[in-house]
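Per-entry structural report
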Amino acid sequence: MAQSPLEPVPAPPSVVLDHLAIAVTSWTDPKDVLVDALGGRWRYGIRTPAFNACQLAYGNDTRIELLTEPDRGGSFVGKFLATGPNRPHHITFKTDNLRAVLRDVHAFGIEPVLVSLDNPGWHEGFLHPRDTGLGVLVQVAQGDGDPTKGSGRDLLLPRPWDGEPGGEPSALSYLVVRVRDLDRAARLFCEVLRAERLIVTDDLVRLRWPSGAHLLLLRETAYDDGTGNRLGVRGIAVEAPAPAALPITPAGMGWSKTDVVPALGVSLLFN
């Protein structure tokens with residue numbers, strides 16, 4: 001009897017880092033930095049029952065999303081901002097197979113939260129900071145996620161400022177993320193979210209995906225639950241000279257940096 005052909009092995013899911021979401025009191029709070037200094041291009045603004053969001057596009061297929069309270073208030077954004085000023089809320093990764101990624105999350109020993117698979121155009125799940133030790137929420141999503149391409153035009157919101165900057169938008173090189181357990185964090189991103197290790201030392205790991213910004217994971221040895229949380233997204237590195245309007249200090253290896261920018265809750269690094 002002829003042997004049955006082997007069934008093809010399913011391809012692993014593709015994953016890319018799509019955007020960093022920052023909770024802000026107003027979209028105009030960081031406009032002088034994200035738009036005027038870094039050249040971010042307006043993609044869209046949208047109104048939803050849970051939040052209002054706009055996205056700005058940068059030069060290496062990476063976006064920054066600004067989250068504000070919805071018109072009626074009383075959302076997770078308001079609760080998040082009540083515990084501190086403008087700061088990063090989550091990092092979003094896009095995949096072509098969310099169910100496979102969620103299986104890998106389970107196998108890693110993490111229970112995803114707020115999993116939604118009912119909307120045919122948008123599937124998502126989240127990894128909570130208390131489970132990952134990353135200090136920032138991680139969203140994994142499948143779908144287009146661009147409301148300008150579908151119906152519901154009444155949900156779109158106009159750009160809250162006039163005009164766009166000249167020249168090309170800056171490229172966001174990497175996000176700086178401070179973590180408690182460097183090895184576990186690197187394994188999570190590599191085994192579950194398909195990152196490639198680019199640089200590895202005792203105190204840092206640089207990760208990349210096929211497109212978009214990299215992640216630079218730094219070991220945070222000063223973390224103490226009793227003295228304040230130093231974990232999570234602490235910086236955004238930009239492949240561009242520092243704008244004259246921003247005060248900077250040398251950071252070594254040809255880089256310079258700002259202090260924490262209050263409108264963003266992170267520092268900026270320039271090369």
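Residues numbered from 1 in each chain as written. Predicted model: local features only at pLDDT ≥ 70, side-chain atom pairs only at ≥ 80, totals over all residues. Heavy atoms only, no water.

**Some thoughts on the packing of aromatic side chains**
Here is the rule we go by: Aromatic rings from Phe, Tyr and Trp, with only the six-membered ring used for Trp, were paired whenever their centres fell within 6.5 Å, and each pair was classed as stacked if the ring planes differed by under 30 degrees, edge-to-face if by over 60, and tilted otherwise. Only runs of H or I of at least four residues qualify as helices and only runs of E of at least two qualify as strands under DSSP, and these elements are numbered from the N terminus. To sort residues, take the accessible area from a 1.4 Å probe on protein chains only and compare it with the maximum for the residue type: under 20% means buried, over 50% means exposed, and anything in between is partly exposed. Should the NZ of a Lys or the CZ of an Arg lie within 6 Å of a ring centre and within 35 degrees of the ring normal, that charge is described as sitting over the ring.
Tallied over the entire structure, the rule returns seven aromatic pairs. With a centroid separation of 5.9 Å and an interplanar angle of 45 degrees, the aromatic rings of Phe93 and Phe189 are classed as tilted. Residue Phe93 is located in strand β5 (residues 87–95), and its partner Phe189 is located in helix α5 (residues 182–192); the two are separated by 96 residues in the primary sequence. As far as burial versus exposure is concerned, Phe93 and Phe189 are alike and both buried. An aromatic cluster of at least three residues, connected via ring pairs, comprises Trp27, Trp42 and Trp161. Sitting over the ring of Phe80, Arg87 keeps its end group 3.9 Å from the ring centre.

**Topic: the nonpolar core**
What counts is decided by this rule: For our purposes a nonpolar core is just a set of buried Ala, Val, Leu, Ile, Met, Phe, Trp, Tyr and Cys residues, chained together by side-chain atoms within 4.5 Å. For this analysis, residues touch if any pair of their heavy atoms sits within 4.5 Å.
In terms of nonpolar packing, the biggest core is built from 59 residues, with Ile91, Phe93, Phe189, Leu193, Trp209, Leu215 and Leu217 touching the most fellow members. Examining the composition of this core, we find that seven residues originate from one element, α5, more than from any other. Among all residues touching Trp209, those that are not within four sequence positions of it are Val15, Val16, Leu17, Phe93, Phe189, Leu193, Arg194, Ala195 and Leu215. Counting nine residues, the second largest nonpolar core, distinct from the first, contains Ala23, Tyr44, Ala53 and Val77.

**Observations regarding the environment of Val205**
As for its position among the elements, Val205 is in strand β12 (residues 204–208). Judged by its relative accessible area of 4%, Val205 is buried. Once the C-alpha coordinates of Val205 and Leu215 are considered, the two residues, ten residues apart in sequence, prove to be 8.1 Å apart. Here Val205 is in contact with Leu182, Ala186, Arg197, Ile199, Val200, Leu215, Leu216 and Leu217, once residues within four sequence places are set aside.

**As for the sheet that holds strand β2 (residues 41–47)**
By definition, the strands of a sheet pair up through backbone hydrogen bonds, in either a parallel or an antiparallel sense. The condition is simple: Only when DSSP finds a minimum of two bridges between them are two strands counted as paired.
Spatially, nine strands are ordered β6-β7-β8-β5-β1-β4-β3-β2-β9 in an open sheet, and the strand pairing comes out mixed. A strand with exactly one partner marks an edge of an open sheet, and here the two such strands are β6 (113–116) and β9 (156–157). Examined bridge by bridge, strand β1 (residues 15–23) and strand β4 (residues 63–68) share five bridges and lie parallel to one another. Looking across to β4, one finds that Ala23 is bridged to Leu67.

**Side note on the pattern of salt bridges**
Going by this rule: Definition used for salt bridges: Asp or Glu carboxyl oxygen within 4 Å of a side-chain nitrogen of Lys or Arg.
As enumerated under the stated definition, the model contains 14 salt bridges in all. The partner of Lys31 in a salt bridge is Asp36, with the nearest N and O atoms 3.0 Å apart. Residue Arg178 is joined to Glu220 by a salt bridge in which the shortest nitrogen-to-oxygen separation is 3.3 Å. Of this pair, Arg178 sits in strand β10 (residues 172–179) while Glu220 is found in the loop between β13 (214–219) and β14 (232–238), placing the two residues 42 residues apart along the sequence.

**Looking at the layout of surface pockets**
For clarity, the threshold we go by: With a 1 Å grid spanning the protein atoms alone, the term cavity applies to any set of points in which a 1.4 Å probe fits but cannot get out, the term pocket to an open set with protein on both sides within 12 Å along at least five of seven lines, and the term lining residue to any residue with an atom within 4 Å of a point. Grid points are joined across faces, edges and corners, and a volume is the space filled by probe spheres set on the points. Classes in brief: Ala, Val, Leu, Ile, Met, Phe, Trp, Tyr, Cys and Pro nonpolar; Asp, Glu, Lys and Arg charged; the others, Gly included, polar.
For the largest pocket, the calculated volume is near 1,400 Å³. Looking at the largest pocket, it is lined by 50 residues, and the ones nearest its centre are Phe51, Glu65, His90, Phe126 and Gln139. Broken down by element, the lining of the largest pocket gets its largest block of residues, five residues, from β5. Taken together, 18 residues make up the lining of the second largest pocket; nearest its centre are Val176, Arg178, Lys257, Ser267 and Leu269. The set of elements that each furnish at least two residues to the lining of the second largest pocket consists of β10, β13, β14, β15 (249–252), β16 (255–257) and β17 (267–270). The element contributing the most residues to the lining of the second largest pocket is β10, with three residues. Among the residues forming the lining of the second largest pocket, the class breakdown is nine nonpolar, four polar and five charged.

**Points about the side chain of Thr132**
Put simply, the rule reads: Polar contacts here mean pairs of N or O atoms no more than 3.5 Å apart (in protein, one a potential hydrogen donor and the other a potential acceptor; neighbouring residues in sequence count only if both atoms are side-chain atoms).
Mapped onto the elements of the fold, Thr132 is located in helix α4 (residues 129–132). Given a relative accessible area of 4%, Thr132 falls into the buried group. Among the polar contacts listed, one links the side chain of Thr132 to the backbone nitrogen of Leu134, at a separation of 3.2 Å.

**A word on the sheet that holds β16**
The test is simple: Angles run from 0 to 180 degrees between N-to-C directions of axes, and those axes are lines fitted to C-alpha atoms, restricted for helices to the stretch in contact.
The strand order β11-β12-β13-β10-β14-β17-β16-β15 describes an open sheet built from eight strands, whose pairing is mixed. The open sheet is flanked by β11 (196–200) and β15, the only strands paired with a single partner. Adjacent strand axes in the sheet meet at a mean angle of 30 degrees, parallel and antiparallel pairs treated alike. Bridging between β10 and β13 involves six bridges; their strand directions are parallel. For Tyr174, the partnering residue across the bridge sits in β13 and is His214. The strands touched by α5 are β10, β11, β12 and β13; relative to β13, the strand with the most contacts, the crossing angle is about 160 degrees.

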